[in-house]
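Here is how the chains run, residue by residue.
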Amino acid sequence: MSEELFDLLKDREWRLNNLYVILINGGPAAFVPRPEQLEYRHNRHARNFIPKARKLGVSTEVVLENGDDCVFNPNFKAAIIDETEPAAWEKLEIFRFAWVNGPKHPNPKIAALWLLIHEANELLTDNNGELAWHNGSSFQAGTSFTGRTPQRLHVSEFGPICDASLEKGRKIRRGSINAVLPQDIVTVETTMRGGRVGPCYELFRLSKEACGKPLSVADWRLHFFPWWNHPDYQLDGFKPTEDPTAKYFAELAAEGINLSDARKAWYERKKREQGEDMLQEFPSTIAECDKAVVMGAILPQIAAIRAQGRVREFPVEVHLPMFVSVDCGGDTLSAWLSQPGRRDVNLLDWSGTDGGGSAGLAAQVAKWEAAYGRVEKIFLPHDADSKDKGSAKTFKAQLIESGIASNRIVVVPRIPNVWTGIDYMRRHLPKCWFHARCDKETVLADETLPSAVGRLENYRRAMNKATGALQEHPLKDGVCDHCADSLRTLFEAVEHGLVPTMPCADAKVHPLDREDEDDKPRNRQKAKFAFQGWRR
């Protein structure tokens, strides 16, 4: 074995370009890095976020880099976190395959070199979840990392992890990611799923904001690899045939992305198969990562509301009474301030808090009244009449003790099931206008959370963690569900005939519609008198 070859082993770049084999067509083949893999390698930072298209080899590059560090550095710790243990083990298998099959490298000199590497640094532990060597280094894989502080952490499919469980995503961020020292390396690579909520989206947002700025070790670097760089994502000899495809690629061309007919044809046929999932599985631009469809979205009408410009600034309508609708669960409160009318429903403001309880709601109502005027009624969900185990008091009773008069509180009767209430929401959303202040992000416990409108967009069905199938009940994530439930309280009140300014579905003619529609002053006066009578 030449001395020159031994010297080359000291060069990490040479090792990564020449030493390793990967599985291709059922057997070991020399790993030849693709442009995306080299781009990540040469621009790697202490904190890396990679929203990616599928099958670009980013995971392979990260695994080989981290495994190489383990083999050639003593007492080195690397870890992989994925959605499931089998998925994590599969990524660890990339390096196990490279290690075991190194002596079968197609280059005889490198194959012989691998025999010496095996002899010098024996593999002591070899199982699904861990590789450990004589030099004290180890490479682990699972759904969390709770061992010693890792120098390399690879979090794969963080978007799907957070989509299935925001709490699991938060635990990974709080525990595993925080376990990595600032000078060491964390790489999060993922398809974008789960919408604009949760730890994955927060890292994506931080990495976008850092683009073009000097980065400290605490900042996240964005690496983006679109589908159209993959050599296989094209259909030679074919052209696109559909008008939406032509429009889509004209928009990309306006952004400077000009693609061949073969690639356009591939995309068109793939979209027929994938539908709107193309945005998360095969994004063309970083902006598309921000538009990924929320799987199992319960209120898809919110997208249309945005597109129609019904999230905007507008004044309070002085002739209409204001109402507050609430979702109260434990010490968590979500409340909407609304003005429902016969044609439109104005959502003026929203509040979501932890730790306030009934006193917090009373304070919020007082704050809104100081800003906008009197709140006539506060609609509470049916369980507000249930006694709290600790205080043995109902939420309604606690709210009265906090200074809200009992005649201003209405407990909305129970409905058969949550989907009945959701159908009420879906029925009335086309009438809704959201004030721009309902579309401002909030910060809670140092976590940036979506706006109220964003929470409605991300309100979705729960997912079976084992099968990935959507379940027949909403996801209880403690963020979006509370926001949606408090709006649902309003429309349940409407359908129970508790809101005098708005007809329920069974009402054929609203009382205020019996006069000519153009006689607005007279109708407004009738609305005032009708409401005053109801209030008494």
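Residues numbered from 1 in each chain as written. Predicted model: local features only at pLDDT ≥ 70, side-chain atom pairs only at ≥ 80, totals over all residues. Heavy atoms only, no water.

**Points about the sheet that holds strand S4 (residues 77-81)**
Next up, step 1: In spatial order, the strands read S5-S6-S7-S4-S8-S9-S3-S10; together these 8 strands make up an open sheet with mixed pairing. Edge positions in the sheet fall to strand S5 (123-127) and strand S10 (221-222), since each has one partner strand and no second.
Next up, step 2: Pairing analysis gives 4 bridges linking S5 to strand S6 (residues 130-133), with the strands arranged antiparallel. Along S6, the bridge assignment pairs asparagine 127 with glutamate 130. (Pairing = 2+ DSSP bridges. Helix = DSSP H or I, 4+ residues; strand = E, 2+ residues; numbered from the N terminus.)

**Focus: the packing of helix H4 (residues 58-72) against helix H5 (residues 85-100)**
Next up, step 1: Remark: H4 packs on H5, axes separated minimally by 9 Å, with the N-to-C direction vectors making an angle of 55°. Of the possible angle classes, the one that applies to H4 and H5 is oblique. Of the two elements, H4 crosses H5, and the hand of that crossing is right-handed. Seen from H4, the contacting residues are Ser59, Thr60, Val63, Leu64, Gly67, Asp68 and Val71; seen from H5, they are Lys91, Ile94, Phe95, Ala98 and Trp99.
Next up, step 2: Classifying every residue of the contact of H4 with H5 by side-chain character gives 7 nonpolar, 3 polar and 2 charged. (Axes fitted to C-alpha atoms, helices over the stretch in contact; angles between N-to-C directions. Parallel < 35°, antiparallel > 145°, perpendicular 65-115°, else oblique. Left-handed = near helix turned anticlockwise from the far one by under 90°. Contact = heavy atoms within 4.5 Å. Nonpolar A, V, L, I, M, F, W, Y, C, P; charged D, E, K, R; others polar.)

**A look at the pairing of strand S8 (residues 152-156)**
Next up, step 1: The buried fraction of S8 is high, at 5 of 5 residues.
Next up, step 2: Of the two faces of S8, the one holding Arg152, His154 and Ser156 and the one holding Leu153 and Val155 are both buried throughout.
Next up, step 3: Of the pairings in the sheet, the one linking S4 to S8 comprises 4 bridges and is parallel in character. Opposite alanine 78, over in S8, you have arginine 152 as the bridge partner. (Buried < 20%, exposed > 50% of the residue type's maximum accessible area, 1.4 Å probe, protein only.)

**Examining the packing of H5 against helix H6 (residues 108-120)**
Next up, step 1: Where H5 meets H6, the axes come as close as 10 Å, and the angle between the chain directions of the two elements is 110°. By the angle between their axes, H5 is roughly perpendicular relative to H6. Across the interface between the two elements, Ala98, Trp99 and Val100 of H5 pack against Trp114, Ile117 and His118 of H6.
Next up, step 2: Here the residues of the contact of H5 with H6 sort into 5 nonpolar, 1 polar and no charged.

**Digging into the state of the cysteines**
Next up, step 1: The full count for this structure, using the stated rule, is 0 disulfides.
Next up, step 2: Left without a disulfide partner, cysteine 200 is nearest to the cysteine sulfur of cysteine 162, which lies 5.4 Å away.
Next up, step 3: Left without a disulfide partner, cysteine 328 is nearest to the cysteine sulfur of cysteine 483, which lies 15 Å away. (Disulfide = S-S within 2.5 Å.)

**Some details on the side chain of serine 156**
Next up, step 1: Structurally, serine 156 can be placed in strand S8.
Next up, step 2: A polar side-chain atom of serine 156 sits 3.3 Å from a polar atom in the side chain of lysine 91.
Next up, step 3: At 2.6 Å, the side chain of serine 156 forms a polar contact with the side chain of glutamate 189.
Next up, step 4: Residues in contact with serine 156, not counting those within four places in the same chain, are Ser59, Ile81, Asp82, Glu83, Lys91, Ile161 and Glu189. (Polar contact = N/O pair within 3.5 Å; in protein donor to acceptor, adjacent residues only side chain to side chain.)

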